[in-house]
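Letter by letter, the chains look like this.
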Amino acid sequence: MKIYNTLTRKKEEFVPLEPGKVNIYLCGPTAYNYFHIGNARTFLFFDIVRNYFKYRGFQVTYVQNITDVDDKLIDQSIKEKIPVSDIAEKYINAFFEDTNSLGIPKADYYPHATKYIEEMVRLIKELEEKGYAYEVNGDVYFSINADKKYGILSGKKIEDLKAGARVEKNIQKKHPGDFTLWKRSKPGEPKWQSPWGEGRPGWHTECVVMSRKLLGETFDIHGGGIDLIFPHHENEIAQAQASTGSIHARYWMHGGYLNISGEKMSKSLDNFFLTRDVLKKYDAEAIRFFFLSKHYRSSIDYNEDLIKESSQAMKNLYSILKELDYLKYEDEDISYAETHQKLKDQFIEAMDDDFNTAKAISVLFEIAKITRSSNDMNFAHLLVELGQVLGFFTNLEEKLETDLNQISEELIQLLINYRQLFKKEQNWRMADKIRNDLKSLGIQLKDTPAGTEWEIVK
RNA sequence: GGCGACAUCGCCAAGUGGUAAGGCAAGGGUCUGCAAAAUCCUUAUCCCCGGUUCGAAUCCGGGUGUCGCCUCCA
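Conventions we followed
- Residues numbered from 1 in each chain as written.
- Chains lettered and ligands numbered in written order.
- Predicted model: local features only at pLDDT ≥ 70, side-chain atom pairs only at ≥ 80, totals over all residues.
- Heavy atoms only, no water.
- Helix = DSSP H or I, 4+ residues; strand = E, 2+ residues; numbered from the N terminus.
- Buried < 20%, exposed > 50% of the residue type's maximum accessible area, 1.4 Å probe, protein only.
- Contact = heavy atoms within 4.5 Å.
- Areas by Shrake-Rupley, 256 points an atom, 1.4 Å probe, with all protein chains shown as cover.
- Phe/Tyr/Trp six-rings, centres within 6.5 Å; stacked < 30°, edge-to-face > 60°.
- Axes fitted to C-alpha atoms, helices over the stretch in contact; angles between N-to-C directions.
- Left-handed = near helix turned anticlockwise from the far one by under 90°.
- Nonpolar A, V, L, I, M, F, W, Y, C, P; charged D, E, K, R; others polar.
- Near = heavy atom within 4 Å.
- Polar contact = N/O pair within 3.5 Å; in protein donor to acceptor, adjacent residues only side chain to side chain.
- 1 Å grid on protein atoms, 1.4 Å probe; cavity = no way out; pocket = protein on both sides within 12 Å on 5 of 7 lines; lining within 4 Å.
- Points joined across faces, edges and corners; volume = space filled by probe spheres on them.
- Salt bridge = Lys/Arg side-chain N within 4 Å of Asp/Glu carboxyl O.
- Lys, Arg positive; Asp, Glu negative; His and termini not counted.
- Expected span 1.5 Å × (residues − 1).
- Pairing = 2+ DSSP bridges.

Draft legend 1. Layout of the overall build of chain A. From N to C terminus, chain A includes 16 helices and 15 strands. Oriented by its inertia axes, the alpha-carbon framework of chain A measures out at about 95 × 60 × 35 Å. Across the 458 residues that make up chain A, the buried fraction comes to 49%. Restricting the contact set of chain A to residue pairs at least 6 apart, pairs at least 24 apart contribute 73%. Of the roughly 23000 Å² of accessible surface on chain A, a fraction of 49% belongs to carbon and sulfur atoms.

Draft legend 2. Quick peek at the packing of aromatic side chains. Under the counting rule described, the total for this entry stands at 28 aromatic pairs. Note on F14 and Y251: the rings are 4.9 Å apart at their centroids and 50° apart in plane angle, and the pair reads as tilted. With a gap of 237 residues between them, F14 in the loop between β2 (10-13) and β3 (21-26) and Y251 in strand β10 (residues 249-255) connect regions that are remote in the sequence. Y251 matches F14 in its accessibility class, with the two residues each being buried.

Draft legend 3. Representation of the packing of helix α10 (residues 304-323) against helix α13 (residues 357-374) in the model. In contact at an axis separation of 10 Å, α10 and α13 are set at 35° when each is read in the N-to-C sense. Once α10 is placed against α13, the crossing between them reads as left-handed. For the pair α10 and α13, contact is made by A313, N316, L317, S319, I320 and E323 and by F365, A368, T371 and R372, respectively. When the residues that make up the contact of α10 with α13 are grouped by side-chain class, the tally is five nonpolar, three polar and two charged.

Draft legend 4. Structural view of the protein's contact with RNA strand B. Around RNA strand B there are 42 residues in total, and G177, W203, G225, L228 and R372 lie nearest to it. R372 places a polar side-chain atom, nitrogen or oxygen, 2.8 Å from a phosphate oxygen of RNA strand B. Only α1 (37-55), α5 (158-163), β9 (219-225), α7 (229-244), α10 and α13 provide two or more residues apiece to the surface near RNA strand B. Tallied by class, residues from the surface near RNA strand B come to 15 nonpolar, 16 polar and 11 charged.

Draft legend 5. Structural detail: the layout of surface pockets. Its volume calculated, the second largest pocket comes out at about 630 Å³. Forming the walls of the second largest pocket are 22 residues, and the residues nearest its centre are D283, A284, E285, Y318 and K399. Broken down by element, the lining of the second largest pocket gets its largest block of residues, six residues, from α10. Classifying every residue of the lining of the second largest pocket gives five nonpolar, nine polar and eight charged.

Draft legend 6. Expanded view of the side chain of D354. Inspection of the secondary structure puts D354 in the loop between α12 (338-352) and α13. Here D354 falls in the buried class, since its relative accessible area comes to 0%. Of note is the side chain of D354, whose polar atom sits 2.7 Å from the side chain of R297. Those residues in contact with D354, other than ones at most four positions away along the chain, are K2, I3, Y4, K11, H295, Y296 and R297.

Draft legend 7. Up close: the pattern of salt bridges. Scanning the model with the defined rule gives 32 salt bridges in all. A salt bridge links D70 to K72; the nearest nitrogen and oxygen atoms lie 3.7 Å apart. Residue D70 is classed as buried on the basis of its relative accessible area of 14%. A residue is classified by how much of its surface remains accessible, and K72, at 35% relative accessible area, is partly exposed. R200 is the partner of E189 in a salt bridge, and the nearest nitrogen-oxygen pair spans 2.8 Å. On the criterion of sequence distance, the pair formed by E189 in the loop between β7 (179-184) and β8 (199-201) and R200 in strand β8 is long-range, its members being 11 residues apart. Here the two residues E189 and R200 agree in accessibility, since each one is buried. It is possible to trace a salt-bridge network through shared partners that takes in D71, K183, E189 and R200.

Draft legend 8. Main features of the side chain of E206. Its place among the elements puts E206 in helix α6 (residues 205-215). For the buried E206, no salt bridge is present, and the opposite-charge side chain at shortest range is K72, 9.4 Å distant. Within the structure, the side chain of E206 is placed 2.9 Å from the side chain of T67, a separation counted as a polar contact. Apart from the residues within four sequence positions on either side, E206 is in contact with Y25, N65, I66, T67, A113 and M120.

Draft legend 9. Main features of helix α14 (residues 377-389). Taking 1.5 Å of rise per residue, 13 residues should cover 18 Å, and α14 covers 19 Å from first to last C-alpha, within 8% of that figure. Within α14, 11 of the 13 residues are buried, leaving the element largely enclosed by the surrounding structure. Buried within α14 are the following residues: M377, N378, F379, A380, L382, L383, V384, E385, L386, G387 and V389. Two or three places before N378, at the opening of α14, D376 has a side-chain oxygen 2.6 Å from that residue's backbone nitrogen.

Draft legend 10. Just the sheet that holds strand β11 (residues 258-260), in detail. With respect to topology, three strands assemble into an open sheet ordered β12-β11-β13, the strand pairing being mixed. The open sheet has two edge strands, β12 (263-264) and β13 (300-302), and neither has a second partner. Bridge count between β11 and β12: two bridges; the pairing is antiparallel. Bridging across to β12, N259 finds its partner in K264.

Draft legend 11. Highlighting unusual backbone geometry. Of note, the amide linkage connecting F230 to P231 takes the cis form, showing an omega dihedral of 5°. In this fold, P231 is placed in helix α7. One non-glycine residue, R9, adopts positive backbone phi at about 60°. Within the secondary structure layout, R9 lies in the loop between β1 (2-5) and β2. By relative accessible area, R9 is classed as partly exposed at 44%. Of note, the phi angle at K81 is positive, near 55°, even though the residue is not glycine. Residue position: K81 is located in the loop between α2 (71-80) and α3 (84-101). Judged by relative accessible area, which is 74%, K81 ranks as exposed.

Here is the structure:
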């Protein structure tokens, strides 16, 4: 199994720290707003990573953190005029609603930053003692010049950072690239006690502390969006490795952007779409298909026409299962012959190659084509088995049955409407025939002052 | 100013040295009272120029275009 590692900038054979086990840490949401569809892409992709490892027989521990204290939450609390803790609660709940709507199963752990303040203070203190951090007026900074390996992930040189166009001016810092570990709190802001006075932690420390606690000092995979490479993950590695001297995460995976009209989605351009709004218009599975049809490291242009096309593609897959009455056969004994196994291997080969979901999907369609021409339930089963690895077909019963139920209701209503027309024309023979025929199917019509109602009388 | 990514059929997209997957759309045939569905068939030499090689979409150099990072960001 090969994974592209941002740290080395190449695909590497994945070797877990412990055979048969894989520990994954994904950077989750900052709970200050509903998350946008670009976030959804990342969350959805890492769900597939977790899923695929499980499919390949690994025992997976999957952690996704939640940042519930930070400048943005404070800003939002002022905007909405409710306490920071209420902002966090509101958007954490929204996060779970939206990931659930996207069909993403729960992670094993969702550590909250505010639950780990003590550990963070301890780490910052340690860094200060080791000479990696310094305090100025109640703020504590990490000194990037003290860290010989700084820049290891993003490939940046400390000298180049100086020349950067957007380097913030902060006369307190020894180097403009030094980043905040502890921030003194202003009146009214959330605060905790520390050796440097009342304040709150900086952004990157939480991930060090929480991953260490839940996954160990060194763990297998750390994931996030490409925009987190610098500064977040760079700074995270810096303090983790300065503290322990050992490797923090062994494989760093970063998902590409979701763009709008070729440009990055961002709040300043006001060109972002909230996941919950997109979900109102399009099926979660269509959105999933749309994302997975391109490799995770490439950027994707948000395009609703393409989501509609994806929806059509999914419908075509479902139509095969419907025609074969898949649910009736689900419990049948399934045996894969050589041709089945060969396609399964193709799928695995694609996924083994740095999660090539686009290619994996093409295997799905190949299986679909053969399923249709052969009516072989083993192929149908294979289609479902592999599709489920990508998070498709997870609600088969609902998907295949509700549609039918809904259509049945519509059909009954249609007949009622025709009977109404016949009644108007005083064509009692046809009107009664419809009523009697429906009754023989177990559907009793009842003409009430409010219109015709029906019930199942079987 | 420094660093980096990408450019493949109408649209989306896989392919990283051996002769262009797949999806959506489109056109044609079969089927059909008509239609739908199904099914079969059809559609690219890979941004441009030069080089390496028996052989390049794939490697190298140059050009053009698009985008990203350089401390808010999944």
